[in-house]
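Fold and contact review
These are the residues of each chain, in order.
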Amino acid sequence: MKKVYKCELVSKTELCPGIFDFVVKAPEISETAEIGQFLHIDCGGKTLLRRPISICDFGEGYVRFAFQVKGEGTRELAKFEVGDMIDMMGPLGHGFKMTPGEKAVVIGGGIGVFPVLGLARETDSAVFLGFRNKDLVIMEDDFKAVNDNVTICTDDGSYGYDGFAIAAMGEYLLENKVDMIYCCGPTPMLKAVKQIAEYRNIPCQLSLEERMGCGIGACLTCVCKTTGKGMAEHKQVCTCGPVFDAKEVVF
Amino acid sequence: MGKLEIDYCGVKFRNPIVTASGTFGFGYEYNDYVPLEEYGGFAAKGLTRKERAGNKPPRIAETPYGILNSVGLQNPGVETFAKYIMPELAKTFDTNVIANMSGNTIEEYAEMAEILSETDVALIEMNISCPNVKHGGLAFGTNAAVVEELTREVQKRCKKPLVVKLSPNVTDITEIAKAAEAGGADGVSLINTLLGMKIDINTRRPILANNMGGLSGPAVKPVAVRMVHQVYNAVKIPIIGMGGVASGADVIEFMIAGAKLVALGTAMFAKPDLILDVKREINEYMDRFNIDDINDIIGTVELN
Ligand SMILES: Cc1cc2nc3c(=O)[nH]c(=O)nc-3n(C[C@H](O)[C@H](O)[C@H](O)COP(=O)(O)OP(=O)(O)OC[C@H]3O[C@@H](n4cnc5c(N)ncnc54)[C@H](O)[C@@H]3O)c2cc1C
Ligand SMILES: Cc1cc2nc3c(=O)[nH]c(=O)nc-3n(C[C@H](O)[C@H](O)[C@H](O)COP(=O)(O)O)c2cc1C
Ligand code: FES
């Protein structure tokens, strides 16, 4: 049986204004979690639906996730303090599929960097993280602690590589052969990465976002468009994803 | 502990709590959280004659105490359900399955009823009210004469109890309920979703790709209770009540208004194990008021 858990918040950090990093005590979730899966969180306040948030890291009975305050739900979530209990379902969905020994590129943009931290650690990879500007750069130390080939990119050039993470990745791919590209980020980044991967014939996995209801595959509200036919033209992001083979996704 | 068993159109339900079509998939997902045997029965995802891919995403938006959805009847089609899904459900779960169907023409509805009649479903719920399909639902659900004819034609080829699911998007729901009864319906269920809209003021675009969608959740509950009450007084056939049910107290309220079975829907998105709380609360209520049999509260509202 799966369960809804009440998990104690044990650490709360504001990474930069409006972006919070939470660690909760969640032994059952931690035990079965995979990189790329998500939590479905009851944020409280006047919200009716849960909010999907990716698992950023897990182990030893703890689960870490990070989020940006966007609207009502995430604003309420940010109000929890250490010692409070947070109601959540998880781990949900299908995570990234890694192959031992593969050489990979890991690319994340904005808050999309959180779910790929585990990939940066577990794979032999070059990591490209994109942010709008220097003030929004987050998780740099976390990534550099687990991977020695991390490139931080800023759109305005105020820090690190001057330009989009996709451009930095493109340059890297000119010189290096890789077996897989993993990506989580805003839709324009996902689209561009899919295009590059297809052009270069490199297998690629994308982590998608869609508005959700149940989070467990029952309500069919969270679908994305795929190459499937008939009913399979639309697949649930919550159960078939959130990680999809890029070839399958239609933007 | 009082008796919870309900007889609905000759079908035995372990308890009065079922689920609302489209919120519960084909049962498997929620069975991972609470065994389906805990429910009186469950309604499967709405079926159409042929498989459908449904509407474009986004398909869901949160509104005050409610949600809008525009799924648009994504489903594998009635034949796949009858041939592969239902036999598997019957083998796996010891509970009543309510099949829910939507059609574009009277003939389509009748064919579907015929196909579903050959399966192990307990009831056939005829959705004449889904607001998400062009040319479909609403036209049927809002015209009493059409509802009566549709029900009569479908009933001719239906060998299971036929429950007509009513739309709240009408001026007088009792007229439609009476038309269904006159056409030979064995029961009615209500309410389906209320047509609504949500606009992002920054982009001036609706959140839903379909622009409009069906409102459900606690926001619609008072409307649903009112309509169940009115329909209870207008027809003799039994009612499945739904719309915003989120607690045992809500189930009791719908039953007092006149529902014989009550469905959980949107509220389960946040609480996949809601049924357990609901049953506990109902038992507490029955103990508190010394009610031996849940049937004794149906339609017992005392008006001021
Ligand atoms: C699988 C998955 C993983 C995610 N992981 C993270 C993460 O690790 N960190 C993070 O900061 N954000 C993440 N998001 C996005 C996050 O879910 C939304 O930012 C959040 O739901 C916004 O809720 P709100 O109430 O603050 O905003 P509002 O705009 O007020 O939300 C209104 C409704 O729309 C939904 N919604 C709005 N934006 C999104 C969105 N981008 N994706 C899905 N639903 C949305 C909300 O859930 C809610 O139901 C993830 C989304 C998905 C689908
Ligand atoms: C996501 C979603 C999908 C639905 N799909 C169907 C459907 O296929 N057929 C149908 O008759 N009603 C459908 N409905 C309506 C519900 O069965 C129910 O009548 C309505 O949601 C009110 O109950 P609630 O507020 O408890 O959810 C759907 C509702 C939702 C939220
Ligand atoms: S959120 Fe309900 S199916 Fe994905």
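Residues numbered from 1 in each chain as written. Chains lettered and ligands numbered in written order. Predicted model: local features only at pLDDT ≥ 70, side-chain atom pairs only at ≥ 80, totals over all residues. Heavy atoms only, no water.

So, on to the overall build of chain A. For chain A, the helix and strand inventory stands at six helices and 16 strands. Taken over the C-alpha trace, chain A has a radius of gyration of 18 Å; the compact-globule value for 251 residues is 18 Å, and the two agree within 12%. In terms of overall dimensions, chain A has C-alpha extents of about 50 × 45 × 35 Å along its principal axes. In chain A, which comprises 251 residues, the proportion classed as buried is 55%. A fraction of 58% describes how many contacts in chain A between residues 6 or more apart in sequence connect residues 24 or more apart. Surface exposure of chain A reaches about 10,900 Å², of which carbon and sulfur atoms provide 50%. Computing the positive centroid from 27 side-chain charges and the negative centroid from 34, chain A places the two 6 Å apart. (Helix = DSSP H or I, 4+ residues; strand = E, 2+ residues; numbered from the N terminus. Rg over C-alpha atoms; globule rule 2.2 N^0.38 Å. Buried < 20%, exposed > 50% of the residue type's maximum accessible area, 1.4 Å probe, protein only. Contact = heavy atoms within 4.5 Å. Areas by Shrake-Rupley, 256 points an atom, 1.4 Å probe, with all protein chains shown as cover. Lys, Arg positive; Asp, Glu negative; His and termini not counted. Charge placed at Lys NZ, Arg CZ, Asp CG, Glu CD.)

Each helix and strand in chain B was counted, giving 10 helices and 16 strands. Relative to the 2.2 N^0.38 estimate, which gives 19 Å for 304 residues, the radius of gyration of chain B is 18 Å and therefore close to what a compact globule would have. Dimensions of chain B, computed from C-alpha atoms along their principal axes, come out at roughly 50 × 50 × 40 Å. At a minimum sequence separation of 6, the contacts of chain B that also span at least 24 residues come to 72%. Taken as a whole, chain B presents about 11,900 Å² of accessible surface, with 50% of it coming from carbon and sulfur. Treating the 30 positive side-chain charges of chain B as one cloud and the 37 negative ones as another, the clouds have centres 6 Å apart.

Residues and elements named next belong to chain A. In the vicinity of ligand 1 lie 20 residues, with Arg51, Pro52, Gly73, Thr74 and Arg211 positioned nearest. Separating a nitrogen atom of ligand 1 from a backbone N or O atom of Ser54 is a distance of 2.9 Å. When the free accessible area of ligand 1 is taken as 830 Å², the share hidden by the protein chains comes to 87%. Sorting the residues of the shell around ligand 1 by element identifies β4 (51–54), β6 (62–68) and α2 (72–77) as the ones contributing at least two each. Tallying contributions element by element places β4 first for the shell around ligand 1, with four residues. Summarising the domain contributions, the shell around ligand 1 has at least three residues from each of domain 1 (4–92) and domain 2 (103–248). (Near = heavy atom within 4 Å. Polar contact = N/O pair within 3.5 Å; in protein donor to acceptor, adjacent residues only side chain to side chain. Domains from an automatic or database assignment.)

By size, the foremost hydrophobic cluster in this structure holds 137 residues, and its most contacted members are Ile181(A) and Phe81(B). Three or more residues apiece are contributed to this core by two domains, here domain 1 (4–92) and domain 2 (103–248) of chain A. The contacts of Ile181(A), once residues within four sequence positions are left out, are Val105(A), Ile107(A), Met169(A), Leu173(A), Val193(A), Ala197(A), Ile202(A), Pro203(A), Cys204(A) and Gln205(A). (Core = buried A, V, L, I, M, F, W, Y, C linked by side-chain atoms within 4.5 Å.)

Next up on the list: the interface of chain A and chain B. At the junction of the two partners, chain A supplies 29 residues and chain B supplies 38 residues. With both chains or domains summed, chain A and chain B bury close to 2,800 Å², and 64% of this area falls on carbon and sulfur atoms. Across the contact surface, chain A and chain B share two salt bridges. Across the pair Lys2(A) and Asp32(B) runs a salt bridge, and its minimum N-O distance is 3.3 Å. The interface formed by chain A and chain B includes 12 residue pairs in polar contact (both at pLDDT 80 or more). Taken together, the elements giving at least two residues each to the side of chain A that touches chain B come down to β7 (85–92) and β14 (223–225) of chain A. Residue composition of the side of chain A that touches chain B, grouped by class: 15 nonpolar, six polar and eight charged. (Buried area = accessible area lost by both parts, 1.4 Å probe. Salt bridge = Lys/Arg side-chain N within 4 Å of Asp/Glu carboxyl O. Nonpolar A, V, L, I, M, F, W, Y, C, P; charged D, E, K, R; others polar.)

Another aspect to go through is the packing of helix α7 (residues 221–234) of chain B against helix α8 (residues 248–257) of chain B. All names here are of chain B. Put simply, α7 and α8 touch, their axes get as near as 8 Å, and they point 30 degrees apart. The angle between α7 and α8 falls in the class roughly parallel. Residues Lys221, Ala224, Val225, Val228, His229 and Tyr232 of α7 lie in contact with α8, whose contacting residues are Asp250, Glu253, Phe254 and Ala257. When the residues that make up the contact of α7 with α8 are grouped by side-chain class, the tally is six nonpolar, one polar and three charged. (Axes fitted to C-alpha atoms, helices over the stretch in contact; angles between N-to-C directions. Parallel < 35°, antiparallel > 145°, perpendicular 65-115°, else oblique.)

Here we come to the pairing of strand β3 (residues 38–42) of chain A. Residues and elements named next belong to chain A. Counting buried residues along β3, four of its five residues qualify, which places the element largely inside the surrounding structure. Bridging between β3 and β4 involves four bridges; their strand directions are antiparallel. In the sheet register, Ile41 faces β4, and the bridge partner there is Arg51. (Pairing = 2+ DSSP bridges.)

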